Amino acid sequence: MADDCLFCKIVAREIAATMVYEDEDTIAFADLNPQAPVHILVVPKRHIPDIVALGADPETSAALVRGIRAVAEEQGLSDFRTVFNTGAGAGQSVFHVHAHVLSGRPMSWPPG
Ligand code: AMP
Ligand code: ZN
């Protein structure tokens, strides 16, 4: 657990969130500021700052993808968008890697 990391505190249940999924390696919870009718964050329990660092950890990478798959299955999502913001300039505000899973409305392209 990293000091002062919001998502580590959610993993540790020190900060409340609306949990939608948990397994040995990942948790998923509702985004506080949803950008679609379904907006879930899938997060590894291990503190890893971003997808670049995640790429150096094959086991956690695979676990996060399994978590996304499980959330999509459990929520009955056939069409959904998965977003990893990387760096403040791309919109990353929490530096504990997380997949945004967005669904329930048409998704335009290119993204903003
Ligand atoms: P990003 O900007 O890609 O780093 O995504 C961080 C996301 O975390 C944003 O979509 C926020 O709305 C969301 N968020 C911030 N604080 C919380 C919280 N306490 N519980 C759930 N989601 C949060
Ligand atoms: Zn963390």
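Structure shown above.
Small disclaimer: the values here were computed from a predicted structure and weren't measured.

Draft legend 1. Local environment of the overall build of the chain. Secondary structure assignment for the chain yields three helices and five strands. For the chain, the sequential pattern of α-helices and β-strands runs α-β-β-β-α-α-β-β. For 112 residues, the compact-globule estimate of 2.2 N^0.38 gives 13 Å, and the chain sits close to it at 13 Å. Referenced to the eigenvectors of the C-alpha coordinate spread, the extents of the chain come out at roughly 35 × 30 × 25 Å. For the chain, with 112 residues in total, the buried portion stands at 39%. A fraction of 50% describes how many contacts in the chain between residues 6 or more apart in sequence connect residues 24 or more apart. Per element, the accessible surface of the chain, about 6,500 Å² overall, is 53% carbon and sulfur.

Draft legend 2. How the structure looks around the coordination of the zinc ion (ligand 2). C5 (SG), C8 (SG), H47 (ND1) and H96 (ND1) make up the full set of protein donors to the zinc ion (ligand 2), lying at 2.0 to 2.3 Å. For the zinc ion (ligand 2), the four donor atoms in the first shell make angles of 107 to 115° at the metal, so the coordination geometry reads as tetrahedral. Here the donor residues for the zinc ion (ligand 2) map to a single chain with the spacing C-x2-C-x38-H-x48-H. One end of the pair, C5, is in the segment before α1 (6–11); the other, H96, is in the loop between β4 (81–83) and β5 (99–103), and 91 residues separate them in sequence. Its relative accessible area of 6% is what places C5 among the buried residues. For H96, a relative accessible area of 0% gives the class buried.

Draft legend 3. Broad picture of the side chain of Q92. Here Q92 lies in the loop between β4 and β5. Residue class for Q92 comes out buried when judged on its relative accessible area of 5%. Among the polar contacts made by the side chain of Q92, one reaches the main-chain carbonyl oxygen of P49 at a distance of 3.0 Å. Side-chain polar atoms of Q92 contact the backbone oxygen of V94, separated by 3.1 Å. Residues contacting Q92, with those up to four places away along its chain left out, are P49, D50, N85, T86 and G87.

Draft legend 4. Structural detail: the nonpolar core. Of all hydrophobic cores here, the largest spans 15 residues; its most connected members are A28, I40, V42, V71 and V101. Sorting the residues of this core by element identifies β3 (38–44), α3 (58–75) and β5 as the ones contributing at least two each. Here the element with the most residues in this core is α3; it accounts for five residues. In this view, V42 contacts I27, A28, L64, G67, I68, V71, V97, H98, A99 and V101; residues no more than four positions away in its chain are not counted. Core analysis: the second largest hydrophobic core is formed by 11 residues, C8, I10, F29 and V94 among them.

Draft legend 5. Quick peek at the sheet that holds β5. Here we have five strands laid out as an open sheet, ordered β1-β2-β3-β5-β4, and antiparallel in their pairing. The outermost strands of the open sheet, each flanked by one partner alone, are β1 (19–22) and β4. With strand direction ignored, the average angle separating the axes of adjacent strands in the sheet is 20°. In terms of strand pairing, strand β2 (residues 26–30) meets β3 through five bridges, oriented antiparallel. Bridged to I27 within β3 is V43.

Criteria and cut-off values
Residues numbered from 1 in each chain as written. Chains lettered and ligands numbered in written order. Predicted model: local features only at pLDDT ≥ 70, side-chain atom pairs only at ≥ 80, totals over all residues. Heavy atoms only, no water. Helix = DSSP H or I, 4+ residues; strand = E, 2+ residues; numbered from the N terminus. Rg over C-alpha atoms; globule rule 2.2 N^0.38 Å. Buried < 20%, exposed > 50% of the residue type's maximum accessible area, 1.4 Å probe, protein only. Contact = heavy atoms within 4.5 Å. Areas by Shrake-Rupley, 256 points an atom, 1.4 Å probe, with all protein chains shown as cover. Donors = N, O, S within 2.8 Å, 3.2 Å for Na, K, Ca; no water. Tetrahedral: all angles 85-135°; square planar, octahedral: opposite > 155°, others 65-115°. Polar contact = N/O pair within 3.5 Å; in protein donor to acceptor, adjacent residues only side chain to side chain. Core = buried A, V, L, I, M, F, W, Y, C linked by side-chain atoms within 4.5 Å. Pairing = 2+ DSSP bridges. Axes fitted to C-alpha atoms, helices over the stretch in contact; angles between N-to-C directions.

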